[in-house]
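Structural overview
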Number of protein chains: 4
Amino acid sequence: MFFTSDNAAGAHPDILAAVARAAAGPAMAYGSDPLTARTEARIREVFEAPEARAFLVATGTAANSLALACLCPPWATVYTHEGSHIENDECAAPEFYTSGAKLTLIGGEGAKVDADALTAKLAAAAPHGIHNVQPGALSITQASELGALYSPDQTARLAAIAHAAGVPVHMDGTRFANAVARLGCTPAEASWKAGVDILCLGATKNGALAAEAVILFDPARAREFELRRKRGGHLFSKMRFVAAQMDAYLTDGLWLKTAAHANAMADRLAAGLAATPGCRLVVPVEANLIFVEMPLGLHRRLIAAGAHYYVAYGGQDETGPDDAPYVVRLVTSFETTETEVAQFLGLLG
Amino acid sequence: MFFTSDNAAGAHPDILAAVARAAAGPAMAYGSDPLTARTEARIREVFEAPEARAFLVATGTAANSLALACLCPPWATVYTHEGSHIENDECAAPEFYTSGAKLTLIGGEGAKVDADALTAKLAAAAPHGIHNVQPGALSITQASELGALYSPDQTARLAAIAHAAGVPVHMDGTRFANAVARLGCTPAEASWKAGVDILCLGATKNGALAAEAVILFDPARAREFELRRKRGGHLFSKMRFVAAQMDAYLTDGLWLKTAAHANAMADRLAAGLAATPGCRLVVPVEANLIFVEMPLGLHRRLIAAGAHYYVAYGGQDETGPDDAPYVVRLVTSFETTETEVAQFLGLLG
Amino acid sequence: MFFTSDNAAGAHPDILAAVARAAAGPAMAYGSDPLTARTEARIREVFEAPEARAFLVATGTAANSLALACLCPPWATVYTHEGSHIENDECAAPEFYTSGAKLTLIGGEGAKVDADALTAKLAAAAPHGIHNVQPGALSITQASELGALYSPDQTARLAAIAHAAGVPVHMDGTRFANAVARLGCTPAEASWKAGVDILCLGATKNGALAAEAVILFDPARAREFELRRKRGGHLFSKMRFVAAQMDAYLTDGLWLKTAAHANAMADRLAAGLAATPGCRLVVPVEANLIFVEMPLGLHRRLIAAGAHYYVAYGGQDETGPDDAPYVVRLVTSFETTETEVAQFLGLLG
Amino acid sequence: MFFTSDNAAGAHPDILAAVARAAAGPAMAYGSDPLTARTEARIREVFEAPEARAFLVATGTAANSLALACLCPPWATVYTHEGSHIENDECAAPEFYTSGAKLTLIGGEGAKVDADALTAKLAAAAPHGIHNVQPGALSITQASELGALYSPDQTARLAAIAHAAGVPVHMDGTRFANAVARLGCTPAEASWKAGVDILCLGATKNGALAAEAVILFDPARAREFELRRKRGGHLFSKMRFVAAQMDAYLTDGLWLKTAAHANAMADRLAAGLAATPGCRLVVPVEANLIFVEMPLGLHRRLIAAGAHYYVAYGGQDETGPDDAPYVVRLVTSFETTETEVAQFLGLLG
């Protein structure tokens, strides 16, 4: 019953096998190998984007920060949700990679950027011209930090608002697979067809060891990206080992299968929790994240029975009575088994 | 006959197996797992440094740049050999991570920093006080870019010069294993006992997929390092997969066996080349790098026969007569086979 | 009737005269001249701080940014009011000088940091350790952007909260003179005695041409400050001309006289406006800034009659009826005359 | 007999008077005043460059660093003479403002960049593509740090080499006036007509208090420059006081008169020194800098008699015999009088 994070999962056997296969014999370093080329080609194919360029890195923070640095100059600001990972969990990596740009925080339900709030912020941007940071980029997260999804239409609306202000769009797609698996749209529809300029496509949380792809739908920024990646220390000499992961991930729809499994396990947990007296889902479950308010007594019982998960927010009183409300976060992954879900649900009764 | 670089080698089976083993089951993310802890403990043991802290990253550029950023403030300069990797091959990553420090270039045979030249540079540092960059750090590379080694005494002399000027010492140990395997000293003798403050211990070139350890012999800088690593996007969520590599690398002396093998293969190549009419080793071969001047005709013959290696310097005339001198670089690795060495030597006759 | 900003004023004759006097004959450059030394000594005397170090720059943005860079590492955050100058009007200069630190915004009436909100933010800081930016510095503005003042007790309370969290305190004292002139306390009581670690003491808005002093009450940071100032291009070769301004400013209490005059002129305007039907002071007037809500018709009349001032907030409807409320900002300065104040008040009737 | 530096001079009376005149009455802040507009117009006129944009700052380091940041991305390098001010005397300000670009050092007589050496460096640039810093900008200094001048033809040749490699040209014109006064060419011929893209036109060393103009002959970079200037804290609120200096400086050829005077005084000193037994000019005197080797005994006599100047290089033995050679630097300025020159020459006999 390990629901702390999809980061806590291991690696998918198919991906491990691909890494092992890639180890045989010599290969040109720094991405000049055939496997890296094949992986880029596969990304283009999966995204129906023959002109796109795709580059591999190994962490989501690297992917997001390098992408934002290509979109937002140092004297500008990135519009993002106040609950986003780039604001809260990357220790100012975006500020580092952009050489000191700002992040402007926007509200919105489900940790999704609210379109009207974005419109208002952009309308009020740089009231004193060069005295102010300039509009730089919009960054949205798919699925959001609360597990909510942007429909293609919602993404397109936000992108249209941003583009109208001359602002390009970055999508933090750490859990992009979970979103696509749920939305039933194509990868292209969830990204460039909806106006996304750069997508950071995560694989690590969904079965890889450490692999993320930064997809530049406009290839004009490719050279700058490559220089920034090298300068950030994110160009791997034995790139084939990162490529092998991403290649296997995207082969035969593996990425969508593992994501769909994680989503399905989340659905089961959510259904069971929603049906439990005193429990309430804080946000609808659309991906593999569950935020649920439960009686503190139930929480205590679950932990005592060996369930692992995180408290959703800091500052909650852990010493209250058994019927006090308490909000926790559960995350499923490609590794989550029906057995451990059933075991957990069995504890709710 | 693949001698382009040790980066072109695959991964050692023992390391691959360790990665596969590490994939089973859940583990706390971001280095809070038992394998990461065990790896740090192993590094302390191998280096006889119970107080040291060791942190894992996945590229040499990340290791070097993060280490230098902890040692050198933005208004200071890193003393380094003019042929060093940090000067020539990291696209200003040290400048990026230090937020704009300089590199001050020093000469020396075999791409090793000359002690007298270092003394002179330090004596002449900051002649106009705050108008000048201040002395920041010394960075030396073991083995050097030309494959030369610093004996423990040589390292100690440089470190003493640096420390006398208040300057800490960084060692780029991308090929530290090759050095230790050859020098016959302990890892401690080649590093902290000789005055090295931070060692970047490479594993990637010597059998790993992507793993480097930054060893801070003074743990006071550990917290800053961790924050800088996170901010640089170099903190892996599934850290166990990096740790598994480094752990296997250091287990039962695997790292020194693979390095000794690479060195031995280099010795054979060097001996054969040195005995070949018209050939001359540019620098003595001490690690797994061979720089050799040969007749252009021989070079042409080798390439035609299927040998792969790089030209040592840009700007050499490739169109000269067969007896024109031509300098090339050969690199051996843990994967280099006796067969391919013999095949290559057979072409020299 | 020029009330746009105290930046729009010229220079005080005594300060101009001091600059002219300083022009005679040679002097050592870069602050090694006697006038610069005398100015630092005078600052120490005025602030009863014999150990303090004081350095001159020429803009408030430079002063604030350099000071914050000495207090806040790149992986930390500056707590500041959401309406502060460093957040809104310096085009990310603090982010630039700190090499990418964040600003964390806090509310509070009168554009003053609310103590409880600060306490809450510090208590919630860095919930995930190195994944988050760390607490870096507190920055407060005296007088605030709305012209409100921190009493010594209020400053001391905020500083105590900050210091308890290991966070040093920066005071943006662009209008520090106006505050001291009003509070009736000593400069020391308004700064270091209340816990301020670095004060940026403005002179430009209050009679100088371009002169600001950064006062480090803890001299341990002096060397770093000097290097950062030089590296930022803010070390003047003919420093005597900046020093002459600050020296004259602080001589015989000139700075407090000019500030008291500006405050008095603001009081007159405020009293007249408060007594005008339909007008309401948005915040009590404590320094030389007046924020007043007035009928749009009155605003139109004032502008038509030749009054110059700024609208307080963007986004107000300028096309409404004459009785629609409208908020404007008036600023007085050392140059504001009783005549122009009377002229303005005469228009209110 | 004050020949330490032109920075040690005071301010020209005409410039002081202009500053005093500018102090009267209100003016819009941050450069929106008529005097700033007039100054920019005057620069365009003087340089016959109706499309150019010109921006004012107050230090040479700010001017150079901001200009280079507009020309050279963080992953590139600035080609400059190894003796240049930006390399040796700005405490890594160019690295700071460019967010971590490099400086690549080039030799050349008289501290002037050698054209062949530049050609060679550019030809050898980035041999490994993205692993290396890219060619960024060329920076030359007029007059050079040794007082040598680039003729328009020499500038044009360097600019042609740079432009052929896609590299724009920055001219550090701290002593541009001395160069133009000597060369007898127009300001345009010495700058944009010879291929200079951005000129930093100094006034401080030649009569101003603190004023430098950054002239962008290509206005496309103007917006970026303005944002960088603000972000660097170099946008003055009371800009009229900087503009007043530059305006007066360029009015009725004042700048060329003061420069010609300094040059003439240097000529007299040089002629006298060249005619003195045991003395030798190290480089021909073309501007207002004199580098002369003299017997140590003469140096001792001059200092004892009250002459002030700097030793040219660190590390010279001051304890040698009277006939040992010793190299010193003399600098004249607009303030240097015929009397003090005659007094100095009288000591040589």
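Attention here is on the structure that accompanies the text. (Residues numbered from 1 in each chain as written. Chains lettered and ligands numbered in written order. Predicted model: local features only at pLDDT ≥ 70, side-chain atom pairs only at ≥ 80, totals over all residues. Heavy atoms only, no water.)

**Some words on the overall build of chain A**
Check the secondary structure of chain A and you find 14 helices and 11 strands. Scaling as 2.2 N^0.38, a compact globule of 349 residues should have a C-alpha radius of gyration of about 20 Å, and chain A matches this with 21 Å. Structurally, chain A occupies a C-alpha span of about 60 × 55 × 30 Å along its principal axes. Here chain A, with 349 residues, has 64% of them falling under the buried criterion. Pairs at least 24 residues apart make up 75% of the contacts formed inside chain A by residues separated by at least 6 positions. Approximately 11300 Å² of chain A is accessible, and the part contributed by carbon and sulfur atoms is 54%. (Helix = DSSP H or I, 4+ residues; strand = E, 2+ residues; numbered from the N terminus. Rg over C-alpha atoms; globule rule 2.2 N^0.38 Å. Buried < 20%, exposed > 50% of the residue type's maximum accessible area, 1.4 Å probe, protein only. Contact = heavy atoms within 4.5 Å. Areas by Shrake-Rupley, 256 points an atom, 1.4 Å probe, with all protein chains shown as cover.)

**Considering the interface of chain D and chain C**
Listed as interface residues are 48 residues of chain D and, on the opposing side, 48 residues of chain C. For the pairing of chain D and chain C, the buried interface totals around 3700 Å² over both sides, and the portion due to carbon and sulfur atoms is 63%. Area buried by chain D at its contact with chain C is led by D:Phe96, D:Arg231 and D:Lys238, which between them contribute 20% of it. Linking chain D with chain C are 0 salt bridges, by the criterion used here. In this assembly, chain D and chain C are joined by 26 residue pairs in polar contact (both at pLDDT 80 or more). At the level of secondary structure, the elements contributing two or more residues to the side of chain D that touches chain C comprise helix H1 (13-22), helix H3 (60-71), helix H5 (93-97), helix H10 (222-231) and helix H11 (240-250) of chain D. Of the residues assigned to the side of chain D that touches chain C, the class counts are 29 nonpolar, 11 polar and 8 charged. (Buried area = accessible area lost by both parts, 1.4 Å probe. Salt bridge = Lys/Arg side-chain N within 4 Å of Asp/Glu carboxyl O. Polar contact = N/O pair within 3.5 Å; in protein donor to acceptor, adjacent residues only side chain to side chain. Nonpolar A, V, L, I, M, F, W, Y, C, P; charged D, E, K, R; others polar.)

**Observations regarding the relation of the copies chain B and chain A**
You can overlay chain B on chain A at an RMSD of 0.0 Å; the transform is a turn of 180° with a shift of 0.0 Å along its axis. The two molecules are tied by a two-fold rotation axis, judged by turn and shift. Looking at the rotation axis and the C-alpha trace of chain B, the residue lying nearest is B:Gly232, at 3.6 Å. A share of 100% of the interface residues of chain B reappears at the interface of chain A, consistent with the copies meeting face to face through the same patch. (Least-squares fit on C-alpha atoms with pLDDT ≥ 70 in both.)

**Points about the environment of B:Arg182**
Residue and element names in this part refer to chain B. Its location among the elements puts Arg-182 in helix H8 (residues 176-183). Looking at Arg-182, the relative accessible area reads 31%, which means it is partly exposed. Separated by 115 residues in the primary sequence, Arg-182 and Gly-297 have C-alpha atoms spaced 33 Å apart. Setting aside residues no more than four positions away along its own chain, Arg-182 makes contact with Leu-149, Asn-263, Asp-267, Val-285, Glu-286 and Ala-287.

**A few points about the packing of H8(B) against helix H12 (residues 254-274) of chain B**
Residues and elements named next belong to chain B. Contact pair H8 / H12: the axes reach a minimum separation of 8 Å and the direction vectors enclose 75°. The angle between the axes of H8 and H12 places the two elements in the roughly perpendicular class. Taken together, the residues of H12 that come into contact with H8 (itself represented by Phe-176, Ala-177, Asn-178, Val-180, Ala-181 and Arg-182) are Trp-255, Leu-256, Ala-259, Ala-260, Ala-262, Asn-263 and Asp-267. Residues of the contact of H8 with H12, tallied by class, amount to 9 nonpolar, 2 polar and 2 charged. (Axes fitted to C-alpha atoms, helices over the stretch in contact; angles between N-to-C directions. Parallel < 35°, antiparallel > 145°, perpendicular 65-115°, else oblique.)

**Quick notes on the pairing of strand E5 (residues 169-173) of chain A**
All names here are of chain A. Counting buried residues along E5, 5 of its 5 residues qualify, which places the element largely inside the surrounding structure. Of the two faces of E5, the one carrying Val-169, Met-171 and Gly-173 and the one carrying His-170 and Asp-172 are both buried. Here 4 bridges tie strand E4 (residues 134-141) to E5, and the two strands are oriented parallel to one another. Looking across to E5, one finds that Ile-140 is bridged to Met-171. In this fold, E4 hands off to helix H7 (residues 152-164), which returns the chain to E5; that crossover is right-handed. Note that E5 and strand E6 (residues 198-202) share 4 bridges and pair parallel. Within the sheet, the bridge partner assigned to Asp-172 lies in E6 and is Cys-200. (Pairing = 2+ DSSP bridges. Right-handed = clockwise from strand over helix to strand, strands pointing away.)

**Focus: the sheet that holds strand E1 (residues 53-57) of chain A**
All names here are of chain A. Read across the open sheet, the 7 strands follow the order E1-E7-E6-E5-E4-E2-E3; overall the sheet is mixed. What marks the edges here is a single partner per strand, and that holds for E1 and strand E3 (102-106). On average, each strand axis in the sheet is inclined to that of its neighbour by 20°, with strand direction left out of account. Where strand E2 (residues 76-81) lies against E3, 5 bridges are found, and the strand directions are parallel. Directly across from Val-78, in E3, lies its bridge partner Leu-103. Set on the sheet, helix H6 (residues 115-123) makes contact with E2, E3 and E4; between it and E3 the angle comes to about 135°. Against the sheet, helix H11 (residues 240-250) engages E1, E6 and strand E7 (212-216), with an angle of about 120° to E1.

**Let's talk about the interface of chain B and chain A**
Often, the extent of an interface is quoted as the loss of accessible area on bringing the components together. Of the residues lining the interface, 48 residues belong to chain B; the matching set on chain A comes to 48 residues. Between chain B and chain A, the buried area comes to about 3700 Å², and carbon and sulfur atoms account for 63% of it. Among the residues of chain B in contact with chain A, B:Phe96, B:Arg231 and B:Lys238 are the three that bury the most area, contributing 20% of the side total. Along the contact surface separating chain B from chain A lie 0 salt bridges. The interface formed by chain B and chain A contains 26 residue pairs in polar contact (both at pLDDT 80 or more).

**Observations regarding the side chain of A:Asp89**
Inspection of the secondary structure assignment puts A:Asp89 in the loop between helix H4 (85-88) and helix H5 (93-97). There is no salt bridge for the buried A:Asp89, and the closest opposite charge comes from B:Lys230, which lies 6.9 Å off by N-O distance. The contacts of A:Asp89, once residues within four sequence positions are left out, are B:Lys230, C:His128, C:His131 and C:Asn132. (Lys, Arg positive; Asp, Glu negative; His and termini not counted.)

**Some words on the sheet that holds strand E2 (residues 76-81) of chain D**
Within a sheet, each strand pairs with its neighbour through backbone hydrogen bonds, oriented either parallel or antiparallel. Residue and element names in this part refer to chain D. Strand order in this open sheet of 7 strands is E1-E7-E6-E5-E4-E2-E3, and the pairing throughout is mixed. Two strands in the sheet have a free side with no partner beyond their single neighbour: strand E1 (53-57) and strand E3 (102-106). Neighbour to neighbour, the strand axes of the sheet diverge by 20° on average, direction disregarded. With 5 bridges joining them, strand E6 (residues 198-202) and strand E7 (residues 212-216) adopt antiparallel strand pairing. Pairing of Gly-202 across the sheet is with Glu-212, part of E7. Against the sheet, H11 contacts E1, E6 and E7, and its axis sits at roughly 120° relative to E1.

**Things to note about the packing of helix H2 (residues 34-46) of chain C against helix H11 (residues 240-250) of chain C**
Residues and elements named next belong to chain C. It is at 8 Å that the axes of H2 and H11 come closest, and there the two elements cross at 30°. One finds that H2 runs roughly parallel with respect to H11. Once H2 is placed against H11, the crossing between them reads as left-handed. When H2 is examined against H11, the residues Leu-35, Thr-36, Arg-38, Thr-39, Arg-42, Ile-43 and Val-46 are found in contact with a partner set consisting of Arg-240, Ala-243, Ala-244, Met-246, Asp-247 and Leu-250. The residue inventory of the contact of H2 with H11, partitioned by class, reads 7 nonpolar, 2 polar and 4 charged. (Left-handed = near helix turned anticlockwise from the far one by under 90°.)

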